[in-house]
Structure formats: C-alpha cells, structure tokens
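Chains, contacts and geometry: an overview
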Amino acid sequence: MTSYIPPTASDFLSRLADAPCCAAIVDGARLEAALGSRAPAVFVLRGNGLDLSDMIRRVHDSGKLIAVHLDLVDGLKADHWGVTWLARCGVDAVITSHGQLMPVIRNEGVIAIHRLLLSRREHLDTAVTALARSRPHIVEILPGVVLPAINGLLPPLEVPMLAGGFIRTPLDARSVLAAGAIGVTTSSEGLWDLQAAVHG
Amino acid sequence: MADGATIHLPRILVADTGRGGTSPPPGLDAGILLRNTDLAALIDCALSNGTPPAVELDSIRGLGSDDAAVAFLRDRLSIEIMLTRRPQVADAFAAAGGLALLNVLAFDSTGLRRSLHGHPRRERVGTVISPGLVLHHMLPSELALLVRPLVAYGLIDNAADALATLAVAEGIVVRPEVAQGIAESEALMRGVGLSPA
C-alpha cells in the first residue's frame with residue numbers, strides 16, 4: 001500500500017493531448033515496450049490483481065499513469081472492496097463495465113473509467129442512460145474501431161471518450177480521434193508512439 | 001425435418017419480433033430471425049409460416065436454454081437455425097440435426113480469442129460475430145479462427161456496410177429497413193449489369 005496521490009481526470013486527459021494512444025497490455029512481457037514508448041498511460045487488461053505493486057512502481061517511475069481493468073485481472077472481484085484494493089495499491093484509474101462502481105471509484109479518489117461494450121444498435125441509446133446514471137470521469141467505448149461508422153447513431157455522451165478494440169493502424173487511430181474520441185487504448189505497439197499532431 | 005447437412009443459411013437474416021408480420025424483401029436470399037420476443041410469439045410465427053424462422057434462443061422470453069428447449073425447437077417447431085451464446089446449447093442443437101450459430105463477442109482482439117475458447121468446433125456449429133461491423137477490421141489470422149458458417153450481427157446499419165460485410169461472412173443480421181436498402185442496392189447493381197456480392 002502507498003500514500004500515492006493519483007492525478008485528476010483533467011490531468012489524465014491533458015496527457016493525451018500530446019500522445020493520444022494508451023498502451024493496453026495483457027502480460028508483463030509487454031510492459032517494457034510500453035514504458036519505453038510515448039504512451040502516457042498503461043492499461044492493464046490481464047494479470048494478477050493481487051500482485052501489482054512492482055508494475056505500478058515501474059509505471060510511475062517512468063512518468064506514466066496506470067489504469068487497471070477490475071473485471072479482467074485475476075484475483076479480484078468487481079465490487080467495492082476490489083476497487084478499494086486497487087486504489088490503495090496506487091493505481092491512477094480503475095476501468096470496469098459495472099456502472100454502479102463509478103461512485104465507489106470516485107470516492108476512492110482515483111479516475112473512474114466506465115467501459116461500454118456496444119454490440120447492437122439498441123445499446124447506443126441505453127449507453128447514454130447508463131452514463132447519466134454512473135457519472136464516470138471517462139468512458140471507454142469498445143469496439144472503438146467502429147466509432148467512425150456509428151458516430152451518427154451515437155447520442156452525445158457528454159463524457160470524455162476513449163476508444164479501444166481492433167484499433168491497429170495510424171489510420172484507424174486517426175479515424176476514431178476524428179470521430180470524437182480524446183484518446184485510444186490499443187495493444188498495437190506501433191501506435192504507442194503516435195503523436196497528437198497526426199489527428200489534427 | 002431437414003437434415004442438418006442440407007440446411008440453407010440465408011445470406012440475410014432480417015431481425016424481427018414475430019409480431020409485426022415482417023417479410024424479407026423479395027429478390028433477396030433472406031429469412032427471418034426471431035429475437036427479443038416471447039415464447040407465444042415464437043410459436044405463432046413458427047407454425048404460421050411456410051418457412052420456419054431462425055431463432056435467437058437467448059432473447060426469447062419464457063424459453064429455457066436446456067435440452068428440453070432444444071427438443072421443442074427442433075421437434076415441435078421445426079426450427080433449423082438457432083443462435084445462442086451458450087456452447088452446450090449450440091452443441092445439443094447441432095446434435096439434434098439443426099444448424100447452431102454460437103454468438104461470440106468481439107470487442108477487442110484478446111477478448112475475441114478468449115470468447116472462441118468455448119466453441120464446440122463441430123459440424124453444424126458456426127459462429128455469429130457481434131458486433132458484426134468489426135469483421136472488416138479483423139486480421140486474416142483472426143478470420144481464420146472463426147468457425148464457418150460465419151454470420152455478422154450488430155451495428156450493420158446501412159446497405160453499404162451490409163454488402164461489404166457479406167464479402168467476408170456467409171450471412172448478416174440486419175433490421176428490416178437495412179434489408180430493404182440491400183434489396184434496392186442489389187436491384188440497382190443488376191440494372192447496370194453488376195453481380196451483387
């Protein structure tokens with residue numbers, strides 16, 4: 001446990017202004033590449049949620065932020081206590097698809113990222129309702145690569161939006177940024193050094 | 001009842017609740033997919049039409065997801081094509097001679113691979129990818145993982161996306177308005193001497 005004070009959501013978002021692509025990793029082997037890249041944040045999508053301290057320290061030592069997906073890491077339950085554990089470990093943001101946990105995450109003083117999974121047209125309207133209820137700091141839309149195609153169908157979300165899922169090329173990234181995302185989460189290492197200028 | 005080996009999967013499955021009297025547009029290789037409805041509507045629709053609809057089992061209120069439900073669909077309603085998220089149910093439906101399509105969620109590349117782990121990978125069990133619109137963005141190596149026949153389902157909201165998706169999938173699920181748009185697009189293409197996808 002640490003006394004680390006995480007950044008605000010505004011701080012997090014401002015880092016995306018220079019380098020919009022966050023490094024999504026599913027194992028420790030990719031961490032070194034992520035730390036050596038321009039990616040402002042590392043999104044941890046797999047691993048042992050009960051043994052994160054070394055990873056968190058290394059990410060912070062490199063000057064980056066770390067977000068952990070509560071639903072996907074091993075060893076933790078997606079509930080109040082799982083959130084508390086991650087906050088006390090020193091993560092900067094907690095990602096979950098469970099909207100009811102957003103107030104818990106905010107109360108723990110870390111950035112609340114609500115992951116919205118869109119697979120049907122009818123989910124688009126319910127997404128707005130879900131966000132109004134959960135009030136996250138940031139929403140992450142998956143699969144992000146379809147964002148340009150569905151942008152006209154998606155009601156205004158009024159929450160800063162990340163896009164993740166099947167975003168692999170600079171063109172993919174530029175397209176989702178042009179469609180309104182403020183950042184991208186991707187496991188494609190080639191995008192981790194993408195500079196903001198390309199989507200201007 | 002048709003033998004599973006000869007079951008025809010329409011290129012276009014038009015999503016419907018079975019209450020609106022929706023019919024596929026003429027001229028298309030299309031059928032009805034019953035979803036988001038209840039058991040009574042399913043029975044009415046299946047028994048009143050010449051061609052039994054495809055059924056999305058998990059969204060039929062009142063219908064279970066066990067062997068009894070599978071037997072009811074196959075033996076009583078002559079349902080030939082069934083979509084489900086449950087691998088065991090897909091397996092049972094295929095064993096009963098139907099064509100099962102296992103619904104696999106594809107929100108990102110790592111999740112896709114995990115979702116495919118439970119696929120029965122047996123004869124007469126294909127794959128539904130949701131949302132279908134991501135098929136355009138999959139790598140050849142990912143497409144190769146998907147057990148055929150392959151149906152794209154979700155967020156396909158216009159004729160152009162539908163026709164592009166049909167280039168990589170055997171079938172798509174769309175709303176009636178989109179199916180109508182496909183019919184008009186294909187009629188136009190035939191009018192200028194082009195073969196539809």
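Scroll up a little and you will see the structure.
All values reported here derive from a predicted model rather than from experimental measurement. (Residues numbered from 1 in each chain as written. Chains lettered and ligands numbered in written order. Predicted model: local features only at pLDDT ≥ 70, side-chain atom pairs only at ≥ 80, totals over all residues.)

On to helix α4 (residues 80-89) of chain A. Residues spaced three or four apart along an α-helix face the same direction, because each turn holds 3.6 residues. Residues and elements named next belong to chain A. Those residues of α4 that fall on the buried side of the exposure criterion are G82, V83, W85, L86 and A87. Summarising the contacts, the buried residues of α4 are in contact with β3 (65-69), β4 (93-96) and α5 (102-107). Where α4 terminates, the next one or two residues include G90, which has phi positive at roughly 105°. (Buried ≥ 20, exposed ≤ 12 C-beta atoms within 10 Å, placed from the backbone. Helix = DSSP H or I, 4+ residues; strand = E, 2+ residues; numbered from the N terminus. Contact = placed C-beta atoms within 7 Å.)

Here the focus is the environment of L191(A). All names here are of chain A. One can find L191 in the segment after β8 (183-186). A tally of 24 C-beta atoms within 10 Å means that L191 is categorised as buried. Contacts of L191, omitting those with residues within four sequence positions, involve C21, P170, A173, V184 and T186.

The next subject is the pairing of strand β7 (residues 99-105) of chain B. Working note: regular strand, side chains alternate between the two faces of the sheet. All names here are of chain B. Most of β7 is tucked away, with 7 of its 7 residues classed as buried. Here β7 shows a buried face lined by L99, L101, N103 and L105 and a second buried face lined by A100, L102 and V104. Note that strand β6 (residues 81-84) and β7 share 4 bridges and pair parallel. Residue pairing for β7: L83 is matched across the bridge by L101. You can see the chain leave β6, run along helix α3 (residues 87-95) and come back into β7, and the turn it takes is right-handed. One crossover worth recording links β7 to the parallel strand β8 (residues 125-130) by way of helix α4 (residues 109-116), and it is right-handed. (Pairing = 2+ DSSP bridges. Right-handed = clockwise from strand over helix to strand, strands pointing away.)

Time to look at the sheet that holds strand β10 (residues 171-174) of chain B. All names here are of chain B. Here 8 strands make up a closed barrel; going around it, the order is β1-β2-β4-β6-β7-β8-β9-β10 and the pairing parallel. Between one strand axis and the next, the sheet turns by 25° as a mean value, whatever way the strands run. Seen against the sheet, α3 touches β6, β7 and β8 and runs at an angle of roughly 165° to β7. Taken strand by strand, helix α7 (residues 176-191) contacts β1 (12-16), β2 (30-34) and β10, and its axis lies near 150° from that of β1. (Axes fitted to C-alpha atoms, helices over the stretch in contact; angles between N-to-C directions.)

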